[in-house]
Amino acid sequence: MEKDQTSESPHAASDVLIAEKLMVKLEKIMEEHNYQRSALLEVLQKAQEIFGYLDRKVLLLIAEKLHVAPSQVYGAATFYNFFRLRKPGEHIITICMGTACYVKGADKILSTLEQELGIERGKSTPDGRISLFITRCIGACAMAPNVIIDDVVIGKATKEGVIERIRKSAGGEN
Amino acid sequence: MNVLKSFERAVKEFGLEDKCKIARTGCPGTCSAGPVVLVEPGDYFYQSVTPESAQEIVKEHVMRDVPAKRFLYSNPEFFSKQKRLVLRNAGKMDPLNIREYISRGGYTALVKCLTGMSPEDVINEVFKSGLRGRGGAGFQTGQKWKFVSKAPGSPKYIIGNLDEGDPGVFANRTLAEADPHAIIEGMIIASYALKAEKGYLYTRAEYPLAIETLKKAIQQARSLGLIGEKILGTDLNFDLELRLGAGAFIAGEETAILASIEGMRAMPRPRPPYPASSGLWRKPTLIQNVETLANIPLIVLNGGEWFSKIGVPHCPGTKCFSLTGKIRNPGLIEVPMGITLKEVVFDIGGGVPDGRTFKAVLVGGPSGGCLPESQLHLPIDYESLTKAGAIMGSGGIVVLDDESCMVDTAKFFIEFCVDESCGKCTPCRVGLVKVKKVLERIAHGKGVEKDIDLLTKVGEYIKEASLCGLGQTAPNPVLTTVRYFKDEYLAHILNKECPTGKCDMGTRRRS
Ligand SMILES: Cc1cc2nc3c(=O)[nH]c(=O)nc-3n(C[C@H](O)[C@H](O)[C@H](O)COP(=O)(O)O)c2cc1C
Ligand code: FES
C-alpha cells in the first residue's frame, strides 16, 4: 500500500484534527452496524465516502473493530473496482469503457486524455490536481460515450468537449 | 431540471394551473431523444425538449389543445413493436410516489395473495406461467420457488439481483428508477409464498439514482405497512434491506452474490449445493433477477395461464433489452419473446445511422456472441440464441457497423473478462489470459494460421471446465467471431492487414 499522503501538508496540526473527527465518524458508522462483519462492504463504502480513499490506517481500524483479519479487509478492498487505495486528485475524470461506450469511440477519448494529461489510466497528475480513471458502464449507454468529470456525467462526449470541460473545471493548465 | 422549471413557469404564466398537472416520471426508454415530455391525454410524446420549446408546447398544446407537431417524437415505430408489461409504468408515473403506483393497480396483487391465495396457490400460479429467470440462465422460476419452499431450514432469504454488471446494459437500472415498487411488490409476494422473512435488494454503487429511488420506495412501503411486521394486518413479516455492490461483474453470479452480501470478496463456489437449499448463511435462499420479480404481480393478478400465452410457448412473456451501439434509436425496449433480432435492430432500433452498414450484433453482454446479418432471422429466446453461439444474458444488444473490427471486438471482451475473472478456477484465470495473448498477437500482425484453431480449442476448453458462468461463457465472443467472421481473422494473419484500420498492425503503443 502507498504511504499516507495526507500527513505531509503544511497545515499538519489542523489536518490531524480533521482526520480524527473523520475517524470518529467512521466509528459511528460501524457502531450503527453493530460491528457486524457482514457489514464490511458497507463500512468500506462509507469510509471511502468520508476520506475519499481507503488508506492503511483506515483499513486497519476497520479490521480491528469488525474482528476481521486485515488480510480479508485488504482482500475485499482490492477485489472490488469501486474502492481506491490511493489518494485521488482534486478533480476526477472517469471514462466509461463499457461496451456501448467503447463501440462509440471511448478508447479514442481515453488515449487522447492520457496524452494530454501525460498520465495513464488509474493515475494522477504529479501535482495531484487531476486523476484519470476508467469504469465499466454507468448504465447510461444510450448516451454513449460517457465521461464523468467530478460527478457530472457528460453524454455523447467528444474529445474536444471533454478537454474543454476539464480546462474549465480544473483550471487553465495542461 | 431547467425543462421542468420552464414548464412550471409557463403553466403559471398562462394561468393554466387548474387545467393541468405537471408530474415527473422515470425513463420511458428513449434515452437518446431526451429530455422527453409526455402530454396526456392522447400519449403525445415530445422529444429533445428545451426551455424554449417547453414554453411553446404549453402555449399551443395545453392552452389551445393543438399538439406542437414540430417537437413530437419522430420514431413512432420505436414503441409500436414493443409490448410493455414489466415497463408498464415506466415514464407514466412518479416513481417516488407510492400512491401513484397504487392508483395504477399496484399492490393489488399482494392484497390478492394475502386475502384469497395460499402460499401454494401463489407458487402454482408462478409455475403455470412458465416464467423463466431474466438474469441470464433462464431457469424456470416456479420450479425454483418449489425448491426453496420445500427446502428444510429457516430462516429463508430472498435476494433481488440488481447487480447488472454487464457493461452496455441498463434495463434493471431503468426499471428501478422508473418503477421501484414493481420490484418490491414482487419480493413481498415471494416472501409470502416462500415464508421468507428477510430480503436483500443488491444493487451497484455505480447507480446512485437507482439507489436513492429504491431507498425512498422501501421507506414508503414500510410506512404504509407493506414491509415490516404484520403486513397489512396479517401474519406476514418481511424486512427488506438494500445492499450495495462495489463494482465487480462476478458479484452478480448467484453464489458470488451470497459471499458479497456476507461481506466478503465476491468469489463463486461450486454448485451443488444450490442457493435454493444452502444460500445466505447456508439457509435456503431465493435469488431472482429484478425483472423476473417485476413480472410476479402481473402473474398473480392475471393468472399463470394468461402469462403463458404471451411470447412463445417454451419461453413465455416479454424481455427488456438495452439497445445500444451504432443504432439510430438507442434505448430501453421491451418485446415479446420470439420476436426476431431483425425486427429489434431494424424496426425498433431504426437500423444503422450515418450511412454506414450493419456488420454484427452483440447479444448477451461481454460473454455473449457476435451474430452476423445471416443470423438476424433468429427468434429471441434462450435456446435459439444459445444455439447460434450467443446467450440471452441480461439483455444487452449492441449493434456494430462496418467500422468495428471483429478481432478488436473479441479482444475487448476478453480483456474485460480477464479483468473480472475472480481467479478461483484455473481454466478461467489462465485460459482467458492465454486467449488474450493470442488475440493480441493477431491484432498486431504477428498471428499465424494455427492460432485460429488454438483459439477455438482453448475457448471450448474454458467453457467446459470453468467453475462458474463467467468462465463458461467468456469465450463466446471469440468463438462466434471466429465462426462468423473468419475472413477478418485471416486478413489479420495472412495479409497482416486490419480491414477496418482499427488494429494498428504492430506500431501502436499498447495503452
Ligand atoms: C458472471 C455472471 C454475472 C451475473 N450477473 C447477474 C446480474 O448482474 N444480474 C442478475 O440478475 N443475474 C446475474 N447473473 C445470473 C445469476 O447467477 C442468477 O442466475 C440469476 O440472478 C437468477 O435469477 P433469475 O432466475 O431471475 O434470472 C450472473 C451470472 C454470471 C455467471
Ligand atoms: S457502456 Fe458506458 S454507460 Fe454503459
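Residues numbered from 1 in each chain as written. Chains lettered and ligands numbered in written order. Predicted model: local features only at pLDDT ≥ 70, side-chain atom pairs only at ≥ 80, totals over all residues. Heavy atoms only, no water.

Q: Would you take a moment to explain the packing of aromatic side chains for this structure?
A: Geometry of an aromatic ring pair is reported as the spacing of the ring centres plus the angle between the planes. Under the criterion given, the structure shown has 17 aromatic pairs over all chains. Ring geometry for Phe-45 of chain B and Phe-79 of chain B: centres 5.5 Å apart, planes at 85 degrees, overall edge-to-face. Taken together, the residues span a long stretch of sequence, with Phe-45 of chain B in strand S2 (residues 44-46) and Phe-79 of chain B in helix H3 (residues 77-80) at a distance of 34 residues. Given the relative accessible area of 12%, Phe-45 of chain B is considered buried. Aromatic rings pair up to connect Phe-79, Tyr-80, Phe-82 and Phe-83 of chain A into one cluster. One residue, Arg-204 of chain B, lies across the ring of Tyr-207 of chain B, its end atom 5.0 Å from the ring centre. The cationic tip of Lys-319 of chain B hangs over the ring face of Phe-321 of chain B; the distance from NZ or CZ to the ring centre is 5.7 Å. (Phe/Tyr/Trp six-rings, centres within 6.5 Å; stacked < 30°, edge-to-face > 60°. Helix = DSSP H or I, 4+ residues; strand = E, 2+ residues; numbered from the N terminus. Buried < 20%, exposed > 50% of the residue type's maximum accessible area, 1.4 Å probe, protein only. Lys NZ or Arg CZ within 6 Å of the ring centre and 35° of its normal.)

Q: Explain the side chain of Lys-144 of chain B to me, please; I cannot follow it from the model alone.
A: All names here are of chain B. Counting through the fold element by element, Lys-144 comes out in helix H7 (residues 141-150). Notably, Lys-144 is buried but unbridged: the nearest opposite-charge side chain belongs to Glu-254, and the N-O separation is 4.3 Å. In this view, Lys-144 contacts Phe-139, Glu-254, Leu-286, Ile-287 and Gln-288; residues no more than four positions away in its chain are not counted. (Lys, Arg positive; Asp, Glu negative; His and termini not counted. Salt bridge = Lys/Arg side-chain N within 4 Å of Asp/Glu carboxyl O. Contact = heavy atoms within 4.5 Å.)

Q: Looking at this structure, how should I read the domain arrangement of chain A?
A: Interface size is commonly expressed as the accessible surface area that is lost when the partners come together. Considered domain by domain, chain A is made up of domain 1 (5-79) and domain 2 (91-169). If you average the C-alpha positions of domain 1 of chain A and of domain 2 of chain A, the two centres end up 28 Å apart. (Domains from an automatic or database assignment.)

Q: Sorry if this is basic, but what is going on with the packing of helix H17 (residues 426-443) of chain B against helix H18 (residues 450-465) of chain B here?
A: Any two packed helices are characterised by the angle at which their axes cross and by the distance between the axes. All names here are of chain B. For the pair H17 and H18, interaxial distance at closest approach is 10 Å and the crossing angle is 160 degrees. Relative to H18, the element H17 lies roughly antiparallel. Crossing hand, H17 versus H18: left-handed. In this structure, H17 contributes Pro-427, Cys-428, Gly-431, Leu-432, Val-435, Val-438, Leu-439, Arg-441 and Ile-442 to the contact, and H18 contributes Asp-451, Leu-454, Leu-455, Val-458, Tyr-461, Ile-462 and Ala-465. Partitioned by chemical class, the residues of the contact of H17 with H18 number 13 nonpolar, one polar and two charged. (Axes fitted to C-alpha atoms, helices over the stretch in contact; angles between N-to-C directions. Parallel < 35°, antiparallel > 145°, perpendicular 65-115°, else oblique. Left-handed = near helix turned anticlockwise from the far one by under 90°. Nonpolar A, V, L, I, M, F, W, Y, C, P; charged D, E, K, R; others polar.)

Q: What should I look at first to understand the layout of surface pockets in this one?
A: A water-sized probe rolled over the atoms picks out the places where empty space is left. Residue and element names in this part refer to chain B. Approximately 1,300 Å³ is the volume attributed to the second largest pocket. What lines the second largest pocket is a set of 47 residues, among which Gly-135, Gly-136, Ala-137, Glu-253 and Glu-254 lie closest to the centre. Residue assignment for the lining of the second largest pocket shows that the elements contributing at least two residues are H7, strand S6 (285-289), helix H15 (382-387) and helix H19 (469-473). Taken together, the residues of the lining of the second largest pocket sort by class into 15 nonpolar, 23 polar and nine charged. (1 Å grid on protein atoms, 1.4 Å probe; cavity = no way out; pocket = protein on both sides within 12 Å on 5 of 7 lines; lining within 4 Å. Points joined across faces, edges and corners; volume = space filled by probe spheres on them.)

Q: Please explain the pairing of strand S4 (residues 198-204) of chain B as it appears in this structure.
A: One face of the sheet, then the other: side chains in a regular strand alternate in exactly this way. All names here are of chain B. In terms of burial, S4 is largely enclosed, as seven of its seven residues are buried. On S4, burial covers both faces: Lys-198, Tyr-200, Tyr-202 and Arg-204 on one face and Gly-199, Leu-201 and Thr-203 on the other are all buried. Here strand S3 (residues 157-162) runs beside S4; their pairing, made up of six bridges, is parallel. In the strand pairing of S4, Ile-158 is matched with Gly-199. For S4 and strand S5 (residues 239-245), the ladder comprises seven bridges, and the chain directions are parallel. Bridging from a neighbouring strand, Leu-201 pairs with Leu-242 of S5. As for the winding sense of the linkage, the β-α-β connection from S4 through helix H10 (residues 208-223) to S5 is right-handed. (Pairing = 2+ DSSP bridges. Right-handed = clockwise from strand over helix to strand, strands pointing away.)

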